[in-house]
Amino acid sequence: MRHFISVADLTPEEIQNILDRSLEWKKEFKEKGENEPILKGKTLGMLFQKPSLRTRVSFELAMVQLGGYAFYLSPNEVKLGQRESVADVARVLSGYVDVIMARVFAHRHILELAKFSSAPVINGLSDFNHPCQAIADFFTIQENKGALKGLKLAFVGDGNNVATSLLFTATKLGTDFAIATPEGYELDPAVVRLAQEFARESGSKIVETHDPYEAVDGADVIYTDVWTSMGQEEETEKRLRVFPPYQVNQKLVEAAKEDVIVMHCLPAHRGQEITDEVADGPHSVLFTQAENRMHAQKGILAWSLEAI
Ligand code: CP
Ligand code: NVA
């Protein structure tokens, strides 16, 4: 079964196919105002333990635009693992739908859903990774830069779930990846070791540093995310003291390539990890990136449902 749990589980060819098909669906939708309904009659159940704007709306509309149907289950409705065990939720929900998308706190809950589900499970963000985001991001980079191999992506901030999925995708596709984090907020060493294996195949270079200027040197893409992710709220004050040197501001952007694009998965904490000047400036692709989530979800859904 094609569970979409981590980009690390896909081959470079599968990832590239998802990106290429998503781009075609975006073009088709822009030109004709609709897509061919290749998922007609298919249903998507969306299970959320955390808030969402982009993931919820983009998945729902992606499914509708490909001819399918999607519905949302709020954190309070299902109470995953509280009202009912994760295994039982998986068994029940997969009896109704063709594909499940879930956003959870603990990554093990995604793995458990997948284990007990009779339908493919798509990871809509966990504390470990955010693979749907990375697919939309590399789609956006390909759309802007025309290629992925040999480009350099610099991630500045927390070595978190978003950074993890970007690293996996970059090293699968031959994009160089540099990350600058404060001490104590690095990527999980096991994640980096796995990515190094992918990099040996693809030729990507990986740089880990504590210096944001070293990371963005020669970068084609600068990427940042919130300093405090959902579920870490009790660490907010501590993080606000540690992270300010990692702000993506005009000075940092000027230290990268002249045609660098700036990305952020959103929601942004403006004035913290990114300034208004950069978020709304000429290098920013933030809102195209958010829009592209909708088309990238089409690629992910079609892959999971074996329609591509
Ligand atoms: N980037 C992202 O996943 O946004 P939401 O939390 O709004 O879904
Ligand atoms: N790292 C952030 C991403 C939100 C889309 C979080 O997990 O809250």
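Read on for an overview of the structure.

Conventions used here
Residues numbered from 1 in each chain as written. Chains lettered and ligands numbered in written order. Predicted model: local features only at pLDDT ≥ 70, side-chain atom pairs only at ≥ 80, totals over all residues. Heavy atoms only, no water. Phe/Tyr/Trp six-rings, centres within 6.5 Å; stacked < 30°, edge-to-face > 60°. Helix = DSSP H or I, 4+ residues; strand = E, 2+ residues; numbered from the N terminus. Buried < 20%, exposed > 50% of the residue type's maximum accessible area, 1.4 Å probe, protein only. Salt bridge = Lys/Arg side-chain N within 4 Å of Asp/Glu carboxyl O. Near = heavy atom within 4 Å. Polar contact = N/O pair within 3.5 Å; in protein donor to acceptor, adjacent residues only side chain to side chain. Areas by Shrake-Rupley, 256 points an atom, 1.4 Å probe, with all protein chains shown as cover. Nonpolar A, V, L, I, M, F, W, Y, C, P; charged D, E, K, R; others polar. Pairing = 2+ DSSP bridges. Axes fitted to C-alpha atoms, helices over the stretch in contact; angles between N-to-C directions. Contact = heavy atoms within 4.5 Å.

1. Things to note about the packing of aromatic side chains
For any pair of aromatic rings, geometry is given as the distance between the ring centres together with the angle between the planes.
Here is step 1: Within the structure shown, the criterion is met by 9 aromatic pairs.
Here is step 2: Taking the centre distance of 5.7 Å and the plane angle of 20° together, the rings of F155 and Y223 count as stacked. Of the two residues, F155 is situated in strand β5 (residues 152-156) and Y223 in strand β8 (residues 221-224); the sequence distance between them amounts to 68 residues. The same class applies to F155 as to Y223, namely buried.

2. Notes on the pattern of salt bridges
Here is step 1: All chains considered together, the criterion is met by 12 salt bridges.
Here is step 2: The salt bridge partner of K26 is E143, with a shortest N-O separation of 2.7 Å. With K26 in helix α1 (residues 12-32) and E143 in helix α6 (residues 131-145), this pair connects stretches of sequence that are 117 residues apart.
Here is step 3: On the basis of relative accessible area, K26 is assigned to the buried category, the value being 9%.
Here is step 4: Residue classification places E143 among the partly exposed residues on the basis of a relative accessible area of 31%.
Here is step 5: In this structure, K205 engages D176 in a salt bridge whose closest nitrogen and oxygen atoms are separated by 3.7 Å. Here the residue K205 occupies a position in the loop between α8 (189-202) and β7 (206-209), and D176 occupies one in strand β6 (residues 176-180), the gap between them amounting to 29 residues.
Here is step 6: When salt bridges with common partners are traced through the structure, they connect D158, E235 and R239 into a single cluster.

3. A look at the site of ligand 1
Here is step 1: Looking at ligand 1, the residues that line it are S52, L53, R54, T55, R103, H130, Q133, C265, L266 and R293.
Here is step 2: Taking Q133, its side chain carries an N or O atom lying 2.9 Å from a nitrogen atom of ligand 1.
Here is step 3: Protein contact buries 95% of the 260 Å² of open area that ligand 1 shows by itself.
Here is step 4: Grouping the constituent residues of the shell around ligand 1 by class yields 3 nonpolar, 4 polar and 3 charged.

4. Concerning the pairing of β7
Here is step 1: As judged from the 4 bridges shared by β6 and β7, these two strands associate in the parallel manner. For A178, the partnering residue across the bridge sits in β7 and is V207.

5. A closer look at unusual backbone geometry
Here is step 1: Omega for the peptide link from L266 to P267 comes to 5°, which places this bond in the cis form.
Here is step 2: By the element assignment, P267 lies in the loop between β9 (261-264) and α12 (276-279).
Here is step 3: Positive phi outside glycine occurs at K79, with the angle close to 50°.
Here is step 4: One non-glycine residue, L125, lies in positive phi territory at about 120°.
Here is step 5: Examined against the element boundaries, L125 turns out to sit in the loop between β4 (121-123) and α6.

6. Thoughts on the sheet that holds β8
Here is step 1: On the basis of which strands lie adjacent, the open sheet formed by 5 strands has the order β7-β6-β5-β8-β9 and parallel pairing. Each edge of the open sheet carries a strand with a single partner, namely β7 and β9. Each neighbouring strand pair of the sheet contributes to a mean axis angle of 20°, computed without reference to strand direction.
Here is step 2: Sheet strands in contact with α6 are β5, β8 and β9, and its direction is about 165° off that of β9.

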